[in-house]
Amino acid sequence: MLTAAPLGRLAVLCACLVLAATTGCGGDSDPGSDAEASHCRAPLPEFAGEARRGTVDATSGDRVSPGVAARDNTVTIVGFCLPDSRLPNPAPVLEDGGRVRYPIGGELQQTSAGWRNYYLYPATRGRQLTVRRGERVTGRISFAGTPAPAACPLESDPPFEVVSCGSLVVIEWASPLRFDARRVQALDVDALDEARDSRPLNYYDLGYRDGPGGLLVRFGIRPPRGDRVALRANFAYVREGGEVREVRLGERTSFRLAG
Amino acid sequence: MLTLGRSRLAMLAPAVALLLTLALVGVGQADLRKSEETKHRVRQVLTIQYSTKYCDRSGERFFNFAYKVNSWSRRWRRRTTGRDVPEARFLAQAFGVRCNEEPFQKRVESSLRPCFGCDGTSRRWTPDYHGSPGWPYLYSPEDPMVYPVWALRFKLTGTVTRRSGRELGEICTTVTLYGGVPGC
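Caption draft 1: Spatial organisation of the overall build of chain B. Secondary structure summary: chain B contains one helix and eight strands in total. When the 184 residues of chain B are sorted by exposure, 29% land in the buried category. Considering only contacts within chain B whose residues lie at least 6 apart along the sequence, 64% involve residues at least 24 apart.

Next up, the structure:
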């Protein structure tokens, strides 16, 4: 004869199973679902280092949803949940007061909970940032304070100068490249860690200025493991009368970056 | 202990049946999700690092968002040491437009032997195998009729075997930065 107690337990077990299955069974959630888009969970990536974490509020049901943010005085990192591995078009931008910050690079990761893309933006100052994708505001990020300039343990030798240190090392290079800064569309450069089989340090372009001896090039790189960085300037793309000319550079140099 | 009468049991039975059915469907879905990310108890992790830049002619507007792939890394995780991946293949394809609007096309293929527990990693992980393509900044053209094939995609496949050497099947991971999603 059946009794109520075993039946009750069975019903509770069934309900639990249904609940577990529909909520993703221990963190395995469907990366493409709307629930994922509005509750994006993304851990801080390893390369965020000592960056200070911000509070992220995803404000719309956009499928490309911000889930984590951190910054220091060199970079602002925002992690997004993606429905698949394709990077969003248009790419999300950050509004920092009156300034719009565009991504300088990123890292795409496949995690057990779906696809995550960590965009890197130039350093920001405002306590409140707005995440915008196209015409749509997709999130707001709050930070407790403005990132303080950290003491930088690294130094270099001219024509390279360390500007700031953090998750990235920001460097200014007084290059011998003879271009008008306003006409340079892009420089294609590789920065390589000489101590690690010339592994890329992910050269991030932070802009150009005219210098007395050539183009002043500001860039960020991941901190190298060794104390020497090789720089390989491949191409410059220069605007000329509505066209863009590719100039092969072939510039090779290396510099010391040590404490 | 409360004893159920025949009529109360008859009332409860459909509810229990419904719950059981829902539970089975739910568990089936959860298992499917897991099998998508881990097959034959082995998981491949493919990470792409890139820099970005706008390739605009005027310098006043922001369009033609371009990617420069700096590096990729591949590693494998196995849930049990009874699994092996004796050989894996990696394919990286770039069909895009350079910042001077010239089309660019490259295809890189390689094979490697993932080594679990090598270079100080645990026996469940392989080291990170890094590679860098040396490609320029690439963007996808606005008009797909001009360049009908355009993509920036990566595909990693590996054959999973038991310790005995018996083949269990292939695992496949794809990453598409832009363009259509390729099937494995």
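Following the structure, the description resumes.
Caption draft 2: Structural context of the overall build of chain A. Looking only at helices and strands, chain A has two helices and 18 strands in total. Evaluated residue by residue, chain A yields a buried proportion of 42% over its 259 residues. Sequence-distant contacts in chain A: of pairs separated by 6 or more residues, those separated by 24 or more amount to 63%.

Caption draft 3: Geometry of the sheet that holds strand 14 (residues 199-200) of chain A. Residue and element names in this part refer to chain A. The antiparallel open sheet is built from four strands, whose spatial order is 14-13-17-18. Single-partner strands in this sheet number two, and they are strand 14 and strand 18 (243-256). In this sheet, strand 14 lies alongside strand 13 (residues 184-193) in antiparallel orientation, the contact comprising two bridges. Residue pairing across strands places L192 opposite P200, the latter belonging to strand 14.

Caption draft 4: Expanded view of the sheet that holds strand 16 (residues 215-221) of chain A. Residues and elements named next belong to chain A. Strand order in the open sheet made by the four strands is 11-12-16-15, with antiparallel pairing throughout. Whereas interior strands pair on both sides, the edge strands pair on one side only; in this sheet they are strand 11 (160-165) and strand 15 (204-210). Put simply, the sheet's adjacent strands are angled 20° from each other on average, direction ignored. Here strand 15 runs beside strand 16; their pairing, made up of five bridges, is antiparallel. By the bridge assignment for strand 16, Y208 is matched with V217.

Caption draft 5: Representation of the environment of N73 of chain A within the structure. All names here are of chain A. Within the secondary structure, N73 sits in the loop between strand 3 (65-71) and strand 4 (75-82). For the pair N73 and R256, spaced 183 residues apart in sequence, the C-alpha separation works out to 22 Å. Excluding residues within four positions of it along the chain, N73 makes contact with A123, P147, A148, P149, A150, S164 and G166.

Caption draft 6: Structural context of the domain arrangement of chain A. Residue and element names in this part refer to chain A. Annotation of chain A at the domain level lists domain 1 (34-142) and domain 2 (160-256). The partner domain 2 presents 12 residues to the 13 residues of domain 1 that form the contact. Elements supplying a minimum of two residues to the side of domain 1 that touches domain 2: strand 4 and strand 8 (114-122). Here the side of domain 1 that touches domain 2 is composed, by residue class, of eight nonpolar, four polar and one charged.

Caption draft 7: Local environment of the environment of R183 of chain A. With respect to the element layout, R183 of chain A can be found in the loop between strand 12 (169-174) and strand 13. Exposure remark for R183 of chain A: the 15 C-beta atoms within 10 Å place this residue in the partly exposed category.

Caption draft 8: Summary view of unusual backbone geometry. Following N89 of chain A, the chain continues to P90 of chain A via a peptide bond in cis, the omega torsion being 5°. Mapping P90 of chain A onto the fold places it in the loop between strand 4 and strand 5 (93-96). In this chain, P158 of chain A is followed by P159 of chain A through a cis amide linkage whose omega measures 10°. Secondary-structure assignment places P159 of chain A in the loop between strand 10 (136-142) and strand 11. Here the phi dihedral of N64 of chain B falls at roughly 55°; this positive angle occurs in a residue that is not glycine. Here N64 of chain B is to be found in the loop between strand 1 (42-54) and strand 2 (65-78). A count of 19 C-beta atoms within 10 Å places N64 of chain B in the partly exposed class.

Parameters at a glance
Residues numbered from 1 in each chain as written. Chains lettered and ligands numbered in written order. Predicted model: local features only at pLDDT ≥ 70, side-chain atom pairs only at ≥ 80, totals over all residues. Helix = DSSP H or I, 4+ residues; strand = E, 2+ residues; numbered from the N terminus. Buried ≥ 20, exposed ≤ 12 C-beta atoms within 10 Å, placed from the backbone. Contact = placed C-beta atoms within 7 Å. Pairing = 2+ DSSP bridges. Axes fitted to C-alpha atoms, helices over the stretch in contact; angles between N-to-C directions. Domains from an automatic or database assignment. Nonpolar A, V, L, I, M, F, W, Y, C, P; charged D, E, K, R; others polar.

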